[in-house]
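Chain residues, written in single-letter form:
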Amino acid sequence: MGHAFDATDITLSIVKIAIVLIMMLQITPIMVWVERRGSALIQDRPGPNRVGPLGLLQSFADALKFILKEDIIPSGAHKWLYTLAPALGLFPALTTIAVVPWGRGFLLHERLFLGRRLFAGGRWFEPVVADVSVGLLVVFALASLSVYGITTAGWASNNKYSLFGGIRASAQMISYELSLTLAAVSALLVAGSLRLTDVVWQQTGSFVLFNTIKLPAWNVFSPAMWLSFIIFTVSGFAETNRLPFDFAEAEAELVAGYHTEYSSMKFALFFMSEYMAMGTMSALITTLYLGGWDIPWYHEPPTFLGFILSALCFLAKVSFLMFVFVWVRWTIPRLKYDILMRIGWKIFLPLAFLNIVLVAAFIAAGWI
Amino acid sequence: MEFAIFFFFAAIAVIFALVVVLHRNPVVGALSLVASFFALAVMYVLLEAPFLAALQIIVYAGAIMVLFLFVIMLLNLQHVAEPATRPVQQFLGYLTAAAFGIGLIYFVLKYAVFAALPKGPFLANARVLGIDIFQAYVFPFEMVSILLLAAIVGALVMSGRSMKGGRAAIGNEVPR
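Bear in mind that the values here come from a model prediction, so they are computed numbers and not experimental data.

### Side note on the overall build of chain A
A tally of regular secondary structure across chain A gives 11 helices and 6 strands. In terms of overall size, chain A behaves like a compact globule, its C-alpha atoms giving a radius of gyration of 22 Å where 368 residues would be expected to give roughly 21 Å. With respect to the principal axes defined by its C-alpha atoms, chain A has extents near 60 × 60 × 45 Å. Expressed as a percentage of its 368 residues, the buried residues of chain A come to 44%. Across chain A, contacts joining residues at least 24 apart in sequence account for 77% of those joining residues at least 6 apart.

Here's what the structure looks like:
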């Protein structure tokens, strides 16, 4: 930022925050519908189809149910922490998306609004809330805080199932955070920057494979990076506590895990943060490996049209990945806890280290 | 604007640090320490060192404090109000703490606060830090890594000893 921060910048920031926040808050109702209808599709049953066309208004009915239910605080619970825990869980899920770019930047021309000039000259509009120089580290910093919501909820409920869920969740998230971080290191090695807009820019354009196939220059198609993509995606599933890694809840063993004692809107907040974390993880996988907002085989112009097209492309990629989250949940059964720990520490961690060495060798040899 | 942010987060850091010391519940203490670390990270951002701010959260708030909380929850410490039994030791403790505090304030005032900061832009990004660590400070860096490795090996050896017994116990429990 060369120039001083003026009113226009603040307005643009507020607009960006509003767009991202509204999108994030829409994730939960939409994904609840996708999850319930998707599971029905996979299990060959109709699913919720009574409220509205195709059951589309089911989420509103659910939300109404949550608001109207009685909010219970168990008598043995630690009242403050019990109330704080859902908010602690929601905070990282809601804020991490701020550093993820969601479209191609464009030049905002001088506009006239009701005969008044809004700002002098053009202004570059970068569609990311906070384009910080340590974007990837901010992601990991906030991801590392996401364990507190679940652990605190588990402890403050004063219930042994909740405590088990919380402790399992913290052990699992600590284990998989390592391979998640190490897998992402290769992406930043290739981009040579921690700034996520740079990571996306490095993936624009295309390369030609064997003089015949023209592939987009996304990291996932790079010969050194597909391994890191697999590690990151699987660790991402574990980090968001989704099946086959949902040991924090594991309803067959722990009733409902860390949120056994929660009801009403407090439970809904945990529900929301799970789906928002899913959305954030999908956005991160897209940004690091699937070219972010890059449209394959198309050079986006730095105009409003280019911005809209690229933002829609980003949305399409994220939506697809979120469907994959649902798809996997209803396809693969839950692992055993010792298997989860074993593959985390004995397979994915060494693979992540190997991957860093591999990518470094590729860079040193000048192949990528 | 910057001053407002500074004082707001400085107040948060101090208040939560006081909660850590004064609150009787260890879980509340651990969580307050996380909040205090978070406010401290904001100080780094204000000092134009976002890289250090991110590391502060990842290492302290994200990694170390999670383990602290983990251990506290596993032990499930119950606070029992103890009667003050050893007055001499208590007095000596207060005295030592006060002497240490006064000494600390004296030396900080003498050396740190009024010393002039070095001129020029403050660089603490990933590139500068990486080059410094792997060129100028490569020896201490490697020493620290060996120290950590020794700690890990030590922990493994100690848990391995108890694991033998554990395995045998499981074997006795479930005959195959």
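Further notes follow.
### Some points on the overall build of chain B
A count of helices and strands for chain B gives 6 helices and 0 strands. Helices (α) and strands (β) of chain B occur, in sequence order from the N terminus, as α-α-α-α-α-α. Taken across its 176 residues, chain B has 15% of its residues classed as buried.

### Some thoughts on the interface of chain A and chain B
Across the boundary between the two partners, chain A contributes 20 residues, which contact 19 residues of chain B. Of all the secondary structure elements, the ones that give two or more residues to the side of chain A that touches chain B are helix H4 (135–156) and helix H5 (160–191) of chain A. Considering every element that reaches the side of chain A that touches chain B, the biggest residue donor is H4(A), with 11 residues. Within the side of chain A that touches chain B, the residues separate by chemical class into 15 nonpolar, 5 polar and no charged.

### Section: unusual backbone geometry
Residues and elements named next belong to chain A. Despite not being glycine, aspartate 44 shows a phi value in the positive range, around 60 degrees. Summarising the element assignment, aspartate 44 is placed in the loop between helix H1 (7–42) and helix H2 (58–68). If you check the backbone angles, asparagine 158 has positive phi at about 60 degrees while not being a glycine. With respect to the helices and strands, the residue asparagine 158 is situated in the loop between H4 and H5.

### Quick notes on the nonpolar core
Formed by 111 residues in total, the largest nonpolar core has its most connected members in A:Leu137, A:Val138, A:Ala141, B:Val34, B:Ala54 and B:Ile57. No other element matches H4(A), which puts 15 residues into this core. Among all residues touching A:Val138, those that are not within four sequence positions of it are A:Val99, A:Val132 and B:Ala54.

### Some remarks on the confidence of the model for chain B
Residue and element names in this part refer to chain B. Looking at chain B as a whole, the pLDDT averages 80, with 78% of positions reaching at least 70. Confidence, expressed as mean pLDDT per element, reaches its minimum in chain B at helix H6 (residues 138–173) with 73 and its maximum at helix H1 (residues 2–22) with 89. Scored below 50 in pLDDT, residues 166–176 makes 0 contacts in the model with residues more than four places away or belonging to other chains. Scoring the predicted complex yields pTM 0.82 and, for the interface, ipTM 0.79.

### What about the pairing of strand E6 (residues 213–216) of chain A?
Residues and elements named next belong to chain A. Bridging between strand E5 (residues 206–209) and E6 involves 4 bridges; their strand directions are antiparallel. Bridged to leucine 209 within E6 is isoleucine 213. Connecting E5 to the antiparallel partner E6 that follows it, the hairpin turn spans 3 residues, and phenylalanine 210 within it adopts a positive phi of roughly 50 degrees.

Basis of the calculations
- Residues numbered from 1 in each chain as written.
- Chains lettered and ligands numbered in written order.
- Predicted model: local features only at pLDDT ≥ 70, side-chain atom pairs only at ≥ 80, totals over all residues.
- Helix = DSSP H or I, 4+ residues; strand = E, 2+ residues; numbered from the N terminus.
- Rg over C-alpha atoms; globule rule 2.2 N^0.38 Å.
- Buried ≥ 20, exposed ≤ 12 C-beta atoms within 10 Å, placed from the backbone.
- Contact = placed C-beta atoms within 7 Å.
- Nonpolar A, V, L, I, M, F, W, Y, C, P; charged D, E, K, R; others polar.
- Core = buried A, V, L, I, M, F, W, Y, C linked by C-beta atoms within 7 Å.
- pLDDT = per-residue confidence, 0-100.
- Pairing = 2+ DSSP bridges.

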